[in-house]
Amino acid sequence: MKIIEFLLKELEQEAQITRKFLALVPFDKAEWAPHEKSMKMMPLSTHIAELPSWISLGLTTEELDFATAPYEPIVVNNTQDLLAVFEKSYEQAKTELTKATEEVLTERWVLRNGEQMLGDMDKYGIIRIAFNQTTHHRAQLGVYFRLLGIAVPSSYGPSADDQSF
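The structure presented is a predicted model; accordingly, all values stated were derived computationally and were not measured.

Help me understand the overall build of the protein, please; the structure alone is not making it clear to me.
Tallying secondary structure elements over the protein gives 5 helices and 3 strands in all. Each helix and strand of the protein, ordered N terminal to C terminal, gives the series α-α-α-β-α-β-β-α. The C-alpha radius of gyration of the protein comes to 17 Å, within 12% of the 15 Å expected for a compact globule of 165 residues. Each principal axis of the C-alpha distribution contributes one length, and for the protein these read about 45 × 40 × 25 Å. Looking at the protein as a whole, 41% of its 165 residues qualify as buried. Of the contacts made within the protein by residues no fewer than 6 positions apart, 71% connect residues no fewer than 24 positions apart. The averaged location of the 24 negative side-chain charges in the protein is 4 Å from the averaged location of its 16 positive side-chain charges.

What's the story with the layout of surface pockets in this structure? I'm lost.
Rolled over the atoms, a probe as big as a water molecule pinpoints where empty space is left. Each pocket or cavity is described by its volume, and for the largest pocket that value is around 420 Å³. For the lining of the largest pocket, the secondary structure elements donating two or more residues are α2 (41-50) and α3 (53-60). No other element matches α2, which puts 5 residues into the lining of the largest pocket. Considering only residue class, the lining of the largest pocket consists of 13 nonpolar, 3 polar and 2 charged.

Teacher, can you tell me more about the pairing of strand β3 (residues 116-122) here?
Along any regular strand, the residues point their side chains to alternate faces of the sheet. Sheet analysis places strand β2 (residues 108-113) next to β3, joined by 6 bridges and oriented antiparallel. Bridge assignment links N113 to a residue of β3, and that residue is Q116.

What's the story with the pattern of salt bridges in this structure? I'm lost.
When their charged atoms lie close together, side chains carrying opposite charge are able to pair. In the structure shown here, the tally under the stated rule is 8 salt bridges. A salt bridge links R138 to E14, with the shortest nitrogen-to-oxygen separation between them at 2.8 Å. Within this pair, whereas R138 is found in helix α5 (residues 123-148), its partner E14 is found in helix α1 (residues 3-22), the two being separated by 124 residues in sequence. Just as R138 is buried, E14 falls in that class too.

What counts as what
- Residues numbered from 1 in each chain as written.
- Predicted model: local features only at pLDDT ≥ 70, side-chain atom pairs only at ≥ 80, totals over all residues.
- Heavy atoms only, no water.
- Helix = DSSP H or I, 4+ residues; strand = E, 2+ residues; numbered from the N terminus.
- Rg over C-alpha atoms; globule rule 2.2 N^0.38 Å.
- Buried < 20%, exposed > 50% of the residue type's maximum accessible area, 1.4 Å probe, protein only.
- Contact = heavy atoms within 4.5 Å.
- Lys, Arg positive; Asp, Glu negative; His and termini not counted.
- Charge placed at Lys NZ, Arg CZ, Asp CG, Glu CD.
- 1 Å grid on protein atoms, 1.4 Å probe; cavity = no way out; pocket = protein on both sides within 12 Å on 5 of 7 lines; lining within 4 Å.
- Points joined across faces, edges and corners; volume = space filled by probe spheres on them.
- Nonpolar A, V, L, I, M, F, W, Y, C, P; charged D, E, K, R; others polar.
- Pairing = 2+ DSSP bridges.
- Salt bridge = Lys/Arg side-chain N within 4 Å of Asp/Glu carboxyl O.

No statement about biological role is implied by the geometric values presented.
Right under this line is the structure:
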């Protein structure tokens, strides 16, 4: 199996887990956060929904400079809209991964904020960051769910709330 095939398989597996989490986001708690330094529920959820697009971004660009391309938060008002954002990001990632070659994965990719270098890696590296950030932020969302009394879905095995094994 080639690297691209492994990445496509991982993308699909992660998408299945992410859909379960995003479907449970409580919109009546959009501004809730467990701590003043924590992201609020809705920005965290939309960030998770957008993260697959970092795969297509990494494959189709050479860099992201926050100084010239500031982040514009996506506003969603319901579960259907949130899942639609995720599906669009997922499909973009899948399309670009399917078109990619193994060679493109070794090309340089940079993350910066003006002159401040935030990351200098290859395109495979930004793809890994997209996957790792998804896992990281989805786990944060799971903590939010736990604190709000929302059953945490299974990820890589059953959660304490999903004892179907």
